[in-house]
Amino acid sequence: DVKVTQSSRYLVKRTGEKVFLECVQDMDHENMFWYRQDPGLGLRLIYFSYDVKMKEKGDIPEGYSVSREKKERFSLILESASTNQTSMYLCASGGGATFTDTQYFGPGTRLTVL
Amino acid sequence: AQTVTQSQPEMSVQEAETVTLSCTYDTSESNYYLFWYKQPPSRQMILVIRQEAYKQQNATENRFSVNFQKAAKSFSLKISDSQLGDTAMYFCAFMKRTNRDDKIIFGKGTRLHILP
């Protein structure tokens, strides 16, 4: 079974803190994705990566950065957390070369910024 | 710009009934992929079904089937003989990747309750 794990299920941080969300997949997938999920807004793509050290902006990259030093690991970084970044963050891997294949999702990290 | 619209924020049906979730999308592309993902309460999102836009035949996966109307840009999900385990949030998604023009658009979701 494909497994996508995220470092924390729940996280509480203070405004201005630097926050790292980690995601690890065990299926040797080329693509990895970070989404945020908000009630009434669905999923929105923040960043994705199609290879080690490669990244592409999604629809809402402002306030976020990413790092992919190893194929299996994709990190989302909030340089200076703000209250409007309180959300559920979902990591996924897969999709294939043309986004035609299944994406496999992690359990999510619910981040609260106070 | 591509958009995905799920017009039913929430639905409830009795167990064993058939239910249809609607999804419409807007694109000028001819080649793309459509997906339905399911997110059960407190559990991970999983793929329900996928459809390739160039295929006219509607995708089917056990009790789940789609009605894909390319000209109308409609991609509805039908769940037959609904079960309590079908209770979940369902997301419709549009994806394409050609010549570095990448699009991944999810709808806002439909919360489906299957009642005993």
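This write-up is about the structure you can find in this document. (Residues numbered from 1 in each chain as written. Chains lettered and ligands numbered in written order. Predicted model: local features only at pLDDT ≥ 70, side-chain atom pairs only at ≥ 80, totals over all residues. Heavy atoms only, no water.)

## A short note on the nonpolar core
Residue and element names in this part refer to chain B.
Then step 1. Leu21, Tyr25, Trp36, Phe75, Leu77, Tyr90 and Leu112 are the most contacted members of the largest nonpolar core, which totals 27 residues.
Then step 2. Element by element, the count of residues in this core is highest for strand S10 (residues 88–98), at 4 residues.
Then step 3. Contacts of Phe75, omitting those with residues within four sequence positions, involve Cys23, Tyr25, Leu34, Phe35, Trp36, Gln51, Val66, Asn67, Phe68 and Cys92. (Core = buried A, V, L, I, M, F, W, Y, C linked by side-chain atoms within 4.5 Å. Buried < 20%, exposed > 50% of the residue type's maximum accessible area, 1.4 Å probe, protein only. Helix = DSSP H or I, 4+ residues; strand = E, 2+ residues; numbered from the N terminus. Contact = heavy atoms within 4.5 Å.)

## Description of the interface of chain A and chain B
Then step 1. Counting from both sides, the interface comprises 26 residues of chain A and, opposite them, 21 residues of chain B.
Then step 2. Taken together, the two surfaces of chain A and chain B that pack against each other cover about 1900 Å², and 56% of this comes from carbon and sulfur.
Then step 3. Of all residues in chain A, the largest losses of buried area upon contact with chain B belong to Phe99, Thr100 and Phe105 of chain A, amounting jointly to 30% of the total for that side.
Then step 4. One can count 0 salt bridges joining chain A with chain B.
Then step 5. At the junction of chain A with chain B, the criterion picks out 4 residue pairs in polar contact (both at pLDDT 80 or more).
Then step 6. Those elements that place two or more of their residues in the side of chain A that touches chain B are strand S4 (32–38), strand S5 (42–49) and strand S10 (103–105) of chain A.
Then step 7. With 4 residues, the single largest contributor to the side of chain A that touches chain B is S5 of chain A.
Then step 8. When the residues that make up the side of chain A that touches chain B are grouped by side-chain class, the tally is 13 nonpolar, 9 polar and 4 charged. (Buried area = accessible area lost by both parts, 1.4 Å probe. Salt bridge = Lys/Arg side-chain N within 4 Å of Asp/Glu carboxyl O. Polar contact = N/O pair within 3.5 Å; in protein donor to acceptor, adjacent residues only side chain to side chain. Nonpolar A, V, L, I, M, F, W, Y, C, P; charged D, E, K, R; others polar.)

## A few points about the side chain of Arg63 of chain B
Residues and elements named next belong to chain B.
Then step 1. Here Arg63 shows up in the loop between strand S7 (60–61) and strand S8 (64–69).
Then step 2. Here Asp81 takes part through its backbone oxygen, which lies 3.2 Å from a polar atom of the side chain of Arg63.
Then step 3. Leave out the neighbours within four places in its chain, and Arg63 touches Lys78, Ile79, Ser80, Asp81, Ser82, Gln83 and Asp86.

## Quick look at the pairing of strand S11 (residues 109–113) of chain A
A regular strand carries its side chains on alternate faces of the sheet.
Residue and element names in this part refer to chain A.
Then step 1. What you see with S11 is a clean split: Thr109, Leu111 and Val113 sit on the buried side and Arg110 and Thr112 on the side with no burial.
Then step 2. The pairing of strand S2 (residues 10–13) with S11 spans 4 bridges and is classified as parallel. The residue bridging Leu11 from the neighbouring strand is Leu111, located in S11. (Pairing = 2+ DSSP bridges.)

## A short note on the pattern of salt bridges
Then step 1. Applying the stated criterion across every chain, the model contains 13 salt bridges over all chains.
Then step 2. The residue Glu29 of chain B makes a salt bridge to Lys96 of chain B at a minimum N-O spacing of 3.8 Å. Separated by 67 residues along the polypeptide, Glu29 of chain B in the loop between strand S4 (24–26) and strand S5 (33–39) and Lys96 of chain B in strand S10 bring together distant segments of the chain.
Then step 3. Judged by its relative accessible area of 27%, Glu29 of chain B falls in the partly exposed class.
Then step 4. Here the salt bridges do not stand alone but share partners, grouping Asp28, Glu30 and Lys71 of chain A into one network.

## Focus on the sheet that holds strand S8 (residues 73–78) of chain A
The strands that make up a sheet are held in pairs by hydrogen bonds between backbone atoms, and each pair lies either parallel or antiparallel.
Residue and element names in this part refer to chain A.
Then step 1. Sheet architecture is open: 4 strands sit in the order S1-S3-S8-S7, paired in antiparallel fashion. If you trace the sheet from one side to the other, it starts and ends with strand S1 (4–6) and strand S7 (65–70), each paired once. Sheet twist, expressed as the average angle between the axes of neighbouring strands with direction ignored, equals 20 degrees. (Axes fitted to C-alpha atoms, helices over the stretch in contact; angles between N-to-C directions.)

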